[in-house]
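# What the coordinates show
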Amino acid sequence: MYGVSGATGLTSFESHFLVALFLYEWGGNLLMKILLVNDQAIIRRGLISILSTDDKLEIIEEAGNTQEALDMLQKEMPDLAIIDFQIGDECGLKLINEARKLGCKCKFAVLTFLKDIESFQRAMAMDVVGYISLNSHPEELIYAIQLIQKGRKYYDPDLIDMLVQTQKESPIDDSRLALLTSKEKEVLEKLGMGFSNKQIARSLYISENTVKKHVSQVLSKLELGDRTQVALFANETGLVQFKHDVVV
């Protein structure tokens with residue numbers, strides 16, 4: 001059934017295996033399909049111009065209002081929707097909620113001029129994978145989307161600094177660390193570094209299911225609501241040094 005490739009010296013089975021492995025590493029999809037949602041055409045044109053410089057990103061559609069966005073999310077099924085925080089008179093976060101209620105499984109990143117902590121925390125609570133300033137340089141935008149494509153998150157560094165500073169003003173109870181097992185502390189450290197479950201599994205040589213169990217225990221014992229809070233806790237207690245681009 002499987003022959004030998006004269007060009008590489010590999011059997012066709014080995015070639016198929018290597019291709020499958022490559023596709024697995026990239027999440028089975030070489031191109032990230034992106035939907036842009038912004039009520040200003042000039043900003044959409046600028047974003048398309050910037051993102052088109054990366055051949056692994058494909059802008060499949062653009063929407064100028066909430067209803068168009070909801071229709072396209074269901075029809076086109078993008079991998080990522082990049083949504084402006086304010087779409088006309090409506091909040092982009094509301095659009096994300098409505099899309100999820102309709103069963104949309106794509107990831108969401110938010111673009112904004114805002115620099116207020118409350119809006120940022122609302123977005124993080126909704127588990128958006130990106131919160132990106134419209135004042136960013138083109139290279140930073142590309143970098144953010146590339147991180148998201150790799151399964152990580154990107155949050156605006158200035159807002160992260162503001163958030164960390166705000167939380168530093170409140171005393172951190174690190175006595176809860178004593179509740180964790182040695183393995184749970186290792187997982188906590190990796191969470192603080194922004195590792196995904198797959199990355200944690202690889203670095204600690206355990207299965208992803210085991211990682212999920214440890215993460216659940218860490219959340220419960222530390223009385224924290226999500227991975228972002230865990231990552232901030234790990235940095236605030238000094239377990240790891242904070243990294244802006246990998247808060248997950």
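So, here's what we can say about the structure. (Residues numbered from 1 in each chain as written. Predicted model: local features only at pLDDT ≥ 70, side-chain atom pairs only at ≥ 80, totals over all residues. Heavy atoms only, no water.)

## As for the overall build of the chain
From N to C terminus, the chain includes eleven helices and eight strands. Here the chain, with 248 residues, has 42% of them falling under the buried criterion. Across the chain, every contact between residues at least 6 apart in sequence was considered, and the portion connecting residues at least 24 apart equals 65%. (Helix = DSSP H or I, 4+ residues; strand = E, 2+ residues; numbered from the N terminus. Buried < 20%, exposed > 50% of the residue type's maximum accessible area, 1.4 Å probe, protein only. Contact = heavy atoms within 4.5 Å.)

## Some words on the environment of Glu139
As for its placement among the helices and strands, Glu139 is situated in helix α6 (residues 138-149). Among the residues examined, Glu139 registers a relative accessible area of 58% and is labelled exposed. Note: C-alpha distance between Glu139 and Ile50 (89 residues apart in sequence) is 8.4 Å.

## Examining the packing of helix α8 (residues 182-192) against helix α9 (residues 197-204)
Direction vectors running N to C along α8 and α9 enclose 130°, while the axes themselves pass 10 Å from each other. Judged by the inter-axis angle, α8 sits oblique to α9. Along this stretch, α8 crosses α9, giving a crossing that reads as right-handed. Contact with α8, carried on its side by Lys183, Glu186, Val187, Lys190 and Leu191, involves Ile200, Ser203 and Leu204 of α9 and no other residues of that element. By residue class, the composition of the contact of α8 with α9 is four nonpolar, one polar and three charged. (Axes fitted to C-alpha atoms, helices over the stretch in contact; angles between N-to-C directions. Parallel < 35°, antiparallel > 145°, perpendicular 65-115°, else oblique. Left-handed = near helix turned anticlockwise from the far one by under 90°. Nonpolar A, V, L, I, M, F, W, Y, C, P; charged D, E, K, R; others polar.)

## Considerations on the side chain of Ser133
If you trace the backbone, Ser133 turns up in strand β7 (residues 130-133). The class for Ser133 is buried, based on a relative accessible area of 8%. Side-chain polar atoms of Ser133 contact the backbone nitrogen of Asn135, separated by 3.0 Å. Ignoring anything within four residues of it in the chain, the contact list for Ser133 reads Thr112, Lys115 and Asp156. (Polar contact = N/O pair within 3.5 Å; in protein donor to acceptor, adjacent residues only side chain to side chain.)

## Comments concerning the pairing of strand β6 (residues 107-112)
The element β6 is largely enclosed, with a buried count of five among its six residues. In terms of strand pairing, strand β3 (residues 80-84) meets β6 through five bridges, oriented parallel. Bridge assignment links Asp84 to a residue of β6, and that residue is Leu111. In this sheet, β7 lies alongside β6 in parallel orientation, the contact comprising four bridges. Considered in β7, the bridge of Thr112 is made with Ser133. (Pairing = 2+ DSSP bridges.)

## Some points on α9
Considered for burial, the residues of α9 that qualify are Asn197, Ile200, Ala201 and Leu204. Taken around the axis of α9, the buried residues stretch over an arc of 100°, which confines them to a single face. Looking at the buried side of α9, the elements it contacts are α8, α10 (208-222) and α11 (227-236). The first or second residue beyond α9 is Tyr205, which carries a positive phi of 60°. (Arc of directions from axis to C-beta.)

## Quick look at the sheet that holds strand β8 (residues 154-155)
Reading across from one edge, β2-β1-β3-β6-β7-β8 is the order of the six strands in this open sheet, with parallel pairing throughout. The outermost strands of the open sheet, each flanked by one partner alone, are β2 (57-63) and β8. When strand β1 (residues 32-37) meets β3, the two strands line up parallel, connected through four bridges. Residue pairing in the sheet places Leu35 in a bridge with Ala81 of β3. Set on the sheet, helix α2 (residues 41-51) makes contact with β1, β2, β3 and β6; between it and β2 the angle comes to about 170°.

## Let's talk about the state of the cysteines
Scanning all chains against the criterion turns up zero disulfides. Its sulfur unpaired, Cys104 is 6.1 Å from the next cysteine sulfur, which belongs to Cys106. Accessibility expressed as a relative area gives 13% for Cys104, which makes it buried. (Disulfide = S-S within 2.5 Å.)

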